[in-house]
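# Inside the fold
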Amino acid sequence: MESKRAQWSSKLGFILAAAGSAVGLGNIWKFPGRAYEGGGGSFLLIYLLIVIFLGMPLMLTELSIGRASQTNIVGTFKKLGYPRHSWIGWFGVLGAFFITCYYSHVGGWVLRYVFSYAFEAPEIYQNSTGYFYNMLGYHADGTTSIPWTALFFAAVFLLLNAVIIIRGVEGGIEKFNRIGMPALFLLLLILLVRSVTLKGAGEGVRYLLSFDFGKVNINTFFSALGQAFYSLSIGMAILITYGSYLSKSEDIFKNTAVVCGMDTLVAIIAGFIIIPAVFATVGSGEVGKGGGFAFVSLAGVFQEMPGGSLFGVFFYLLLLFAALTSCISLIESVVAFLTEQFGWARKQTTLILCLIMFLIGSLYTCSQAAIPLKGIWFDGVHGITFPPLCDFMEYLTDRLMIPLCALGSCIFAGWIWKPEHVITEVEQNGSPFRLAKVYTVLIRFVAPAAILAILILSIVSGVTLS
Ligand code: PHE
């Protein structure tokens, strides 16, 4: 089986795929809002430090574990001689599975909005909240219905993923990323130029470049840390899986630096698109993050902007590429696990998996608005009020599974498998790993302590990690 194992056909192929996984909705709709909250430049600085000192060592670790074992996330621990630690992989696979359930549906909404801005922009401008809720089956007169539109587009989105994944690592995933990622960069540049040339955009640009440490508190650090992990796709089986397709002659350190750099650059550019545009049109108070911001509040920005609906199409296309390349990586890591561990066929596994993800995700889509599912599932069982299903899924994955898997990977690399093995793996291509000592300290002490702190704090105080 090993001799047939898939590999990236080139260095660029891997970089684009890994960057494709990292660059996602997180960069474009969460990062700018967080940067705004954290005082602009001060947040950027903290974020950069976290990416360099925590994100990079963790990404390097996951890629090394994957390449050393040349197998999927659960099999990896057995292959390296530590079957008892397979639980780390299970958290990764389950996390990837549950994230895909909702991520793919949001991808479907994004796809819908590409068409919405192309054909129905005036309707959105008239009532952006109503338009959004209508898509989700909640109507202005208070009635609800099954959100067929949202479900249909989610199904199409997942089907697109399936078609690409079935074609395999090189023929499907790598090929798509070769088109998708340059397209994403092009769209980013177009939107950046549009945004910073708007009248009044200068104030937003200045905000991002100024340091307001008065807005920095402990939550800012947790917010930056959670954002960095989520954005870099750390703690989620993906980098181990993608690393396992990496050839031994590749320089893991350089690849890590390039992927982290690209992901961070996209997040920062997204900040320079969104914040100046919001400042210039609807006013600084309107900067937000998440789905409500991306689907509802931004309508005001496009309405005010010359050529707004065209840029609306560009913006949702950008989100679409970002979501697709991330979603592919999520599904691929589950598919790799199922096909390798159980010997299942790639095509059937992918199709069935996508179908199950679609069905579970449908509960998420339906629970967004006032569909009866909300409430029945998570409100008030035995007097305990649970968050609605959508919040629950995000809580489970972003706040528990990602940090647990990331913590597991650190402890595994730092104390069980030992940093020497990571270092040997990094040096496989023949060039020395100059920062080996720094890496050892970071992975053994700094990273686990930081993740543990965030995990505990996020549980006890409700600090959001995503
Ligand atoms: N990194 C992706 C983003 O920024 C999300 C993601 C998280 C993708 C975890 C895969 C795994 O949106």
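Residues numbered from 1 in each chain as written. Predicted model: local features only at pLDDT ≥ 70, side-chain atom pairs only at ≥ 80, totals over all residues. Heavy atoms only, no water.

## Considering the state of the cysteines
For clarity, the cut-off: Here, a disulfide means two cysteine sulfur atoms that sit within 2.5 Å of each other. Partly exposed residues are those whose accessible area sits between 20% and 50% of the maximum for their type, while under 20% is buried and over 50% is exposed, using a 1.4 Å probe and protein chains only.
Counted according to the given criterion, the structure contains zero disulfides. Free of any disulfide, Cys 260 has its nearest neighbouring cysteine sulfur in Cys 410, separated by 14 Å. Assessed through its relative accessible area of 2%, Cys 260 is described here as buried. Not part of a disulfide, Cys 327 finds its nearest cysteine sulfur in Cys 354, a span of 7.8 Å.

## Observations concerning the nonpolar core
Heads up, the condition is: Here, nonpolar core means buried Ala, Val, Leu, Ile, Met, Phe, Trp, Tyr and Cys residues that are tied together by side-chain atoms lying within 4.5 Å of each other. In DSSP terms, a helix is any run of H or I states spanning at least four residues, a strand is any run of E spanning at least two, and both are numbered starting from the N terminus. We call two residues contacting when some pair of their heavy atoms lies within 4.5 Å.
Of all hydrophobic cores here, the largest spans 161 residues; its most connected members are Phe 295, Phe 315 and Tyr 316. Top element by residues in this core is helix H15 (residues 308–342). It accounts for 20 residues. Excluding residues that lie within four positions of it along the chain, Tyr 316 makes contacts with Val 110, Tyr 113, Val 114, Tyr 117, Ala 294, Phe 295, Leu 298 and Phe 302.

## Here's the deal with empty space enclosed by the protein
Under the convention used in this document: A cavity here means a set of 1 Å grid points, computed over protein atoms only, where a 1.4 Å probe fits but cannot escape. A pocket is an open set with protein on both sides within 12 Å along at least 5 of 7 lines, and lining residues have an atom within 4 Å of a point. Grid points are joined across faces, edges and corners, and a volume is the space filled by probe spheres set on the points. Three classes are used: nonpolar for Ala, Val, Leu, Ile, Met, Phe, Trp, Tyr, Cys and Pro, charged for Asp, Glu, Lys and Arg, and polar for all others, with Gly counted as polar.
On inspection of all chains with the given rule, the structure shows four cavities of 30 Å³ or more. A volume near 140 Å³ is recorded for the largest cavity. Lining the largest cavity are 16 residues; nearest its centre among them are Ser 21, Tyr 103, Tyr 230, Ser 233 and Leu 330. At the level of elements, helix H1 (11–22), helix H2 (25–37), helix H5 (86–119), helix H11 (218–231) and H15 are the ones that each hand at least two residues to the lining of the largest cavity. Top element by residues in the lining of the largest cavity is H15. It accounts for three residues. Tallied by class, the residues present in the lining of the largest cavity amount to nine nonpolar, seven polar and no charged. Quantified by volume, the second largest cavity comes out at close to 80 Å³. Put simply, the parts of the chain that give the lining of the second largest cavity at least two residues each are helix H9 (169–196), helix H13 (252–280) and helix H14 (291–304). When grouped by side-chain class, the residues that make up the lining of the second largest cavity number nine nonpolar, one polar and no charged.

## Section: the packing of H2 against helix H3 (residues 41–69)
Worth spelling out the cut-off: Axes here mean lines fitted to C-alpha atoms, for a helix over just the part in contact, with angles spanning 0 to 180 degrees between N-to-C directions. To sort the angles, those under 35 degrees are grouped as roughly parallel, those over 145 as roughly antiparallel, those from 65 to 115 as roughly perpendicular, and the leftovers as oblique. For any helix crossing, the convention is left-handed if the near helix is rotated counterclockwise from the far helix by under a right angle, and right-handed if that rotation is clockwise.
The geometry of H2 relative to H3 is characterised by a closest axis approach of 7 Å and an angle of 120° between their N-to-C directions. Between H2 and H3, the crossing angle belongs to the class labelled oblique. For H2 against H3, the interelement crossing comes out right-handed. Touching Phe 31, Arg 34 and Ala 35 of H2 are Phe 43, Leu 44 and Tyr 47, all from H3. Looking at side-chain class alone, the contact of H2 with H3 contains five nonpolar, no polar and one charged residues.

## Things to note about the side chain of Arg 34
Here is the rule: Charged-residue counts in this description rest on Lys and Arg as positive and Asp and Glu as negative, His and the chain ends being excluded. Salt-bridge detection follows one rule: a side-chain nitrogen of Lys or Arg within 4 Å of a carboxyl oxygen of Asp or Glu. We define a polar contact as two N or O atoms separated by no more than 3.5 Å, with the added condition that, inside protein, one atom must be a possible hydrogen donor and the other a possible acceptor, whereas residues neighbouring each other in sequence contribute only through side-chain atom pairs.
Within the secondary structure, Arg 34 sits in helix H2. The side chain of Arg 34 is buried and forms no salt bridge, while Glu 37, the nearest opposite charge, is found at 5.5 Å. At 3.0 Å, the side chain of Arg 34 forms a polar contact with the side chain of Gln 227.

## Some thoughts on the pattern of salt bridges
For the structure on display, the rule yields six salt bridges. In this structure, Glu 174 and Arg 178 form a salt bridge, with 3.4 Å as the shortest nitrogen-oxygen distance. Highlighted residues: Glu 174 and Arg 178, both in helix H9, separated by four residues, approximately one helical turn. One salt bridge connects Glu 425 with Lys 248, and the closest N-O pair in it is separated by 3.1 Å. Pair noted here: Glu 425 is in helix H19 (residues 419–426) and Lys 248 is in the loop between helix H12 (238–244) and H13, with a separation of 177 residues, a long-range link. Sharing partners across several salt bridges, the network here consists of Arg 67, Lys 248 and Glu 425.

## Observations concerning the site of the ligand
Stated formally: Throughout, the term near means that a residue has one or more heavy atoms lying within 4 Å of the molecule or strand in question. To qualify as sitting in a cavity or pocket, a molecule needs more than half of its atoms within 2 Å of the grid points.
Residues in close proximity to the ligand total 14 residues, the closest being Ala 22, Leu 25, Gly 26, Tyr 103 and Tyr 230. Between Tyr 103 and the ligand, the recorded distance is 2.7 Å, taken from a side-chain N or O atom to an oxygen atom. A distance of 3.1 Å separates a nitrogen atom of the ligand from a polar atom in the backbone of Ser 231. According to the grid-proximity analysis, the pocket containing the ligand is the largest cavity. Elements with a contribution of two residues or more to the shell around the ligand: H1, H2, H11 and H15. Here the shell around the ligand gets three residues from one element, more than from any other, and that element is H2.

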